Amino acid sequence: MSLRLFIPRDAGAVAVGADEVALALEQAAGKRGVALEIVRTGSRGLYWLEPMVEVATPKGRVGFGPVSAADVASLLEAMLSDGPHALRLGLTEEIPWLKRQTRLTFARCGIIDPRSVEDYRAHDGYKGLERALKLTSDAILADVTASGLRGRGGAGFPTGIKWKTVAQTAADQKYIICNADEGDSGTFADRMIMEGDPFVVIEGMTIAGVAVGATKGYVYIRSEYPHAVAAMNAAIAAARRAGYLGSGICGSKHSFDLEVRVGAGAYVCGEETSLLESLEGRRGLVRAKPPLPAHKGLFGKPSVINNVLSFAAIPFILAGGAKAYADFGMGRSRGTMPIQLAGNIKHGGLFETAFGVTLGELVDDIGGGTLTGRPVRAVQVGGPLGAYFPRALFDTPFDYEAFAARDGLIGHGGVVVFDDTVDMAKQARFAMEFCAIESCGKCTPCRIGAVRGTETIDKIRAGERVAENLAVVEDLCNTMKFGSLCALGGFTPYPVMSALTHFREDFGPAPKRLQAAE
Amino acid sequence: MPVYEPWEAKRGAEIIAEHSHLEGATLVILHALQEAFGYVPEPAIPMIASALNLSRAEVHGVVTFYHDFRHKPAGKHVLKLCRAEACQAAGGDALAARAEAKLGVKIGNTSADERVTLEPIYCLGLCATAPSAMLDGRVVARLDEARIDALVAEAQQ
């Protein structure tokens, strides 16, 4: 008797007991004399079912979850007899939540062994690079442009144009930099893909290197992600051993190598110029633009700097999928977006789908509403710098322009759900406080504005001259929005002003003139 | 529980020499020093400056900019509680207050017996299984009162 099991090594699964489950299964199998092969994969992204254990069957993988160490004896029995079990989910691929997604970037996540180049290749890995090595630089750039891919870090800048700028800038040394400083609360797609399918990131970066003529790349990962750091380091070493990194990759004339660098707990280093400063070994102070990093980036050299998900989208596009990618989506938002459902939500996790799905579908239908069972009151989309949307805006489609038109942003695709117990004045205060803690200090609107904003919202919450202080907050927000150097100070007004606009009732008593009018 | 070496200039110099050839080596060196000694000892700063041809002020500036780098050793255990939005939405604030009360120490401080350092962390990327925490590098999610109590008890050992 033997079984082949798949258990995530993903931090999200480990944090809810995946290691203990794996250990208990090994022990239980040993007692019963069952030969067990456990493959530690990434997560499928159905986090309410983690730890999820899958067993290989002739019909495909069958899932069980959420499993605890106490369940393993009965679980083993059900697996061996192919019998019923309370935690049995059926064929994983047939789970509706997974089946209705369009997984292009996350196609392999949760399926393959993230430490095995062979497994990656067996699942269509490195097809994009192999094709790219046969193309000219212009042809690669044409594919990236044709796909319509826009930067997945949040700014949504067209990736093809960025790469073309670097390709056309002459220099003795160019760099490819992967921004894996995923600091936004409510987002975990970068972490998941680095832990579950790191080779897709490596392949995307290698293709970028070939396209623009760069030979060296850095992956800047935040220190809060030790599992991702370990996974990327292991994958880079494996890719090097297999000849996919180093000099003369795959026997071609191109050389490219990668190095992981670890951040040190500064949120602002997710801003690209701050990240460059940090990589150079300095304080993460934001740089003024221009010059653009594409012209003068790391150590003053032309640099492609993209988010993890942007690089991870590239292998599919270069494997002949540029048109197929562009066929998904709406308006100027082409392709798929790995959306992350988080916070107080029943079915939280990674939902990759074409742009255009509405916020209401995501929260109520796919997410299943709140975990507490209380009504959804507010949803923050796009991390700490994203706006809070009320139910009235649930018809907003997931699209860069549609969110911008409603004074919001999709950012890195994080959706954090709050129930009706949320105090929106407290959330607005937190946005200011967070900006004050994380400001790099270079520009005044952000450095001083955030501190004054926190103090002023405190006064409002204490009922002190509410109308006047609300006017001060609004004024501060305008100064920060238009006067800050980067998105930290520039976008903190989004959560603050959206809370004020849509949830005015949470900010102390109504102004006197309104009371008089009633 | 992590075990650290006591500061020794010779060992510090070895660590610095091991990494100083890298491009932009400052953060790499600081991380390596903290991994060895549990903090970035003050005497290491002029040594880094000299190795990288920087001023002491520049190195000091880097050490103090980043939240991760400690200027003195932490408590025996470090408990980091996520304080960001997704964990707030899932009841993290109440659990943080509970941990503070049980440990008798405010977030950002070390208990008087130097057993536990309680720190905020802004997002562990475990937002779909919030609230979350990290005890000595081990991640724990889906926290509730019982689970936070168990973590606190473990940290007090």
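Notes on the structure in this doc start here. From a predicted model like this one, the values you see are computed outputs, not experimental measurements.

The subject of this paragraph is the overall build of chain A. For chain A, the helix and strand inventory stands at 21 helices and 16 strands. For 518 residues, the compact-globule estimate of 2.2 N^0.38 gives 24 Å, and the C-alpha radius of gyration of chain A, at 24 Å, lies within 12% of that figure. For chain A, the spread of C-alpha atoms along the three principal axes comes to 80 × 60 × 40 Å. Among the 518 residues that make up chain A, the fraction classed as buried is 57%.

Before going further, it helps to spend a moment on the sheet that holds strand E5 (residues 138-140) of chain B. Residues and elements named next belong to chain B. A sheet is described by the order of its strands in space; here 5 strands give the open sequence E2-E3-E1-E4-E5, paired in mixed fashion. Lying at the two open borders of the sheet, with one neighbouring strand each, are strand E2 (109-110) and E5. In this sheet, strand E3 (residues 116-121) lies alongside strand E1 (residues 77-82) in parallel orientation, the contact comprising 6 bridges. Within E3, the residue paired with leucine 81 across the bridge is proline 120. Set on the sheet, helix H6 (residues 92-103) makes contact with E1 and E3; between it and E3 the angle comes to about 165°. Set on the sheet, helix H7 (residues 145-156) makes contact with E1, E3, strand E4 (133-135) and E5; between it and E4 the angle comes to about 25°.

Another point: the interface of chain A and chain B. Contact residues are listed per partner, giving 43 residues for chain A and 34 residues for chain B. Elements with a contribution of two residues or more to the side of chain A that touches chain B: helix H1 (11-14), strand E8 (257-262), helix H12 (272-279), strand E12 (336-343) and strand E16 (414-419) of chain A. For the side of chain A that touches chain B, the leading source of residues is E12(A), giving 4 residues. When its residues are assigned to classes, the side of chain A that touches chain B shows 20 nonpolar, 15 polar and 8 charged.

It is worth spelling out the sheet that holds E12(A) at this point. All names here are of chain A. Strand order in this open sheet of 5 strands is E13-E12-E16-E14-E15, and the pairing throughout is mixed. Each having just a single partner strand, strand E13 (349-354) and strand E15 (388-390) make up the two edges of the open sheet. For this sheet the average axis-to-axis angle between neighbouring strands, irrespective of direction, equals 30°. Two strands pair when backbone bridges link them, and strand E14 (residues 376-381) and E16 are joined in this way by 5 bridges, in the antiparallel orientation. Within E16, the residue paired with alanine 378 across the bridge is phenylalanine 418.

What counts, and where the lines are drawn
Throughout this description, residue numbers start from 1 for each chain and increase along the sequence as written. Starting at A for chains and at 1 for ligands, labels are handed out in the order in which the entities are written. Per-residue local features are limited, in this predicted model, to residues with pLDDT of at least 70; the limit for side-chain atom pairs, both in listing and counting, is 80 or more; totals at the level of whole chains, interfaces and linings are taken over all residues. Think of it this way: any DSSP run of H or I at least four residues long counts as a helix, any run of E at least two long counts as a strand, and we number them from the N terminus. Taken over C-alpha atoms, the radius of gyration is set against a globule rule of 2.2 Å times the number of residues to the power 0.38. Here a residue counts as buried when 20 or more other C-beta atoms sit within 10 Å of its C-beta, as exposed when there are 12 or fewer, and as partly exposed otherwise, the C-beta atoms being derived from the backbone. Here, strands pair whenever DSSP counts at least two bridges between them. By definition, residue pairs are in contact when their C-beta atoms, positioned from the backbone, come within 7 Å. Inter-axis angles, ranging from 0 to 180 degrees, are taken between N-to-C directions of lines fitted to C-alpha atoms, where helices are fitted over the stretch in contact. Note that Gly is not counted as nonpolar here; it falls among the polar residues with everything else outside the nonpolar set of Ala, Val, Leu, Ile, Met, Phe, Trp, Tyr, Cys and Pro and the charged set of Asp, Glu, Lys and Arg.

Take it as geometry only, folks, not as evidence of what the structure does.
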